[in-house]
Amino acid sequence: ATMSGSDLITEDMVTQFRGRFANEIKSIGISSTVGTGTLDDLQKTQVKISGANGDNLAIQNQNLTAGRNLTSDDIVNERRVTVIPEALSQSYFGRDDAVGETLTLNYKDSVYRLKVVGVYTKDTSSMNMNSGGSNNPEIYLPVSLANILSGTTTQGYSSMTIIAYSEVDSDA
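Only a predicted model underlies this, so the values are computations on that prediction, with no experimental measurement involved. All residue numbers refer to positions counted from 1 along the written sequence of the respective chain. With pLDDT at 70 or above as the cut-off, local features in this predicted model cover only qualifying residues; side-chain atom pairs require 80 or more to be listed or tallied, and sums for whole chains, interfaces and linings still use all residues. Note that the side-chain values use all heavy atoms of the structure and ignore hydrogens as well as water.

Caption draft 1: Structural context of the layout of surface pockets. With a 1 Å grid spanning the protein atoms alone, the term cavity applies to any set of points in which a 1.4 Å probe fits but cannot get out, the term pocket to an open set with protein on both sides within 12 Å along at least five of seven lines, and the term lining residue to any residue with an atom within 4 Å of a point. Grid points are joined across faces, edges and corners, and a volume is the space filled by probe spheres set on the points. Put simply, the largest pocket is a space of about 360 Å³. Around the largest pocket, the lining is made up of 20 residues, and of these Glu11, Ser72, Ile75, Val143 and Tyr157 lie nearest the centre. Put simply, DSSP marks the helices as runs of H or I at least four residues long and the strands as runs of E at least two long, and each gets a number from the N terminus on. Broken down by secondary-structure element, the contributors of at least two residues to the lining of the largest pocket are helix 1 (11–20), helix 3 (72–76) and helix 5 (143–150). Each residue is assigned to one class: nonpolar for Ala, Val, Leu, Ile, Met, Phe, Trp, Tyr, Cys and Pro, charged for Asp, Glu, Lys and Arg, and polar for all the others, Gly among them. In terms of residue class, the lining of the largest pocket is made up of seven nonpolar, nine polar and four charged.

Caption draft 2: Structural detail: the nonpolar core. Residues belong to one nonpolar core when they are buried, are Ala, Val, Leu, Ile, Met, Phe, Trp, Tyr or Cys, and are joined through side-chain atoms within 4.5 Å. Only protein chains enter the accessibility calculation, which uses a 1.4 Å probe. A residue is then buried if its area is under 20% of the maximum for its type, exposed if over 50%, and partly exposed in between. Ile49, Ile84, Leu103, Leu105, Ile139 and Leu149 are the most contacted members of the largest nonpolar core, which totals 22 residues. If you list the elements that add at least two residues to this core, you get strand 1 (25–39), strand 2 (46–52), helix 4 (86–93), strand 5 (102–107), strand 6 (110–122), strand 7 (138–142) and helix 5. Counting residues per element, this core draws most heavily on strand 6, at four residues. Not counting residues up to four positions away in its chain, the partners in contact with isoleucine 49 are Ser32, Thr33, Val34, Gly35, Thr36, Gly37, Leu105, Tyr107, Ile139, Leu141 and Leu149. In what follows, residue pairs with any heavy atoms lying within 4.5 Å of each other are defined as contacts.

Caption draft 3: Structural context of the packing of aromatic side chains. Aromatic pairing here means that ring centres of Phe, Tyr or Trp (its six-membered ring) are within 6.5 Å. Orientation follows from the plane angle: under 30 degrees is stacked, over 60 is edge-to-face, and everything else is tilted. Throughout the structure, instances matching the rule amount to three aromatic pairs. Where tyrosine 92 meets phenylalanine 93, the ring centres are 4.6 Å apart and the plane angle is 75 degrees; that geometry is what we call edge-to-face. Each member of the pair, tyrosine 92 together with phenylalanine 93, is buried. Considering the side-chain rings of tyrosine 120 and tyrosine 140, the 5.5 Å spacing of their centres and the 50 degrees angle between planes classify their relative orientation as tilted. Of this pair, tyrosine 120 sits in strand 6 while tyrosine 140 sits in strand 7, and the two are 20 residues apart along the sequence. Note on accessibility: tyrosine 120 and tyrosine 140 belong to one class, buried.

Caption draft 4: Here's a closer look at unusual backbone geometry. In the Ramachandran plot, lysine 108 falls in the positive-phi region, its phi being about 50 degrees despite a non-glycine side chain. Along the chain, the position of lysine 108 falls in the loop between strand 5 and strand 6. The class of lysine 108 is exposed, set by a relative accessible area of 59%. For aspartate 109, which is not glycine, the phi dihedral falls at a positive 65 degrees. Its location among the elements puts aspartate 109 in the loop between strand 5 and strand 6.

Structural data, given as structure tokens:
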């Protein structure tokens, strides 16, 4: 089933939600699944392509080990940047920290050259509810660029995950 524009979460909705619950919300992760792409390495590595915002890594229990996360500036400007897993950094570039390098992604008969701005590892100490069952490494692009790759003409997101601050009961 395909989502239409009226089904999607808009940037305005996220902003309003943040404003209304500012004291209760720790982070809002936005994601949009694009599909599977292929890298130009010798193994033709298959990768899961996901659009995300800067809060998404924390929500997915992933830790940034090098570089930076995706920013709202990356999203607004549809920058061709990516955050990749450390294992992919090692297999594709031969080292753990590939920040500044260019990853070449083939998706739907198009080639995208993406600058690596961050490298992450999964936090295995807690369960990741959104593992998706895929063994392919997952690369994150700005959600706006993900929408372009997937051919989405409407601006919006297919899912939003919220982490609230937990209150400590001092009487317990």
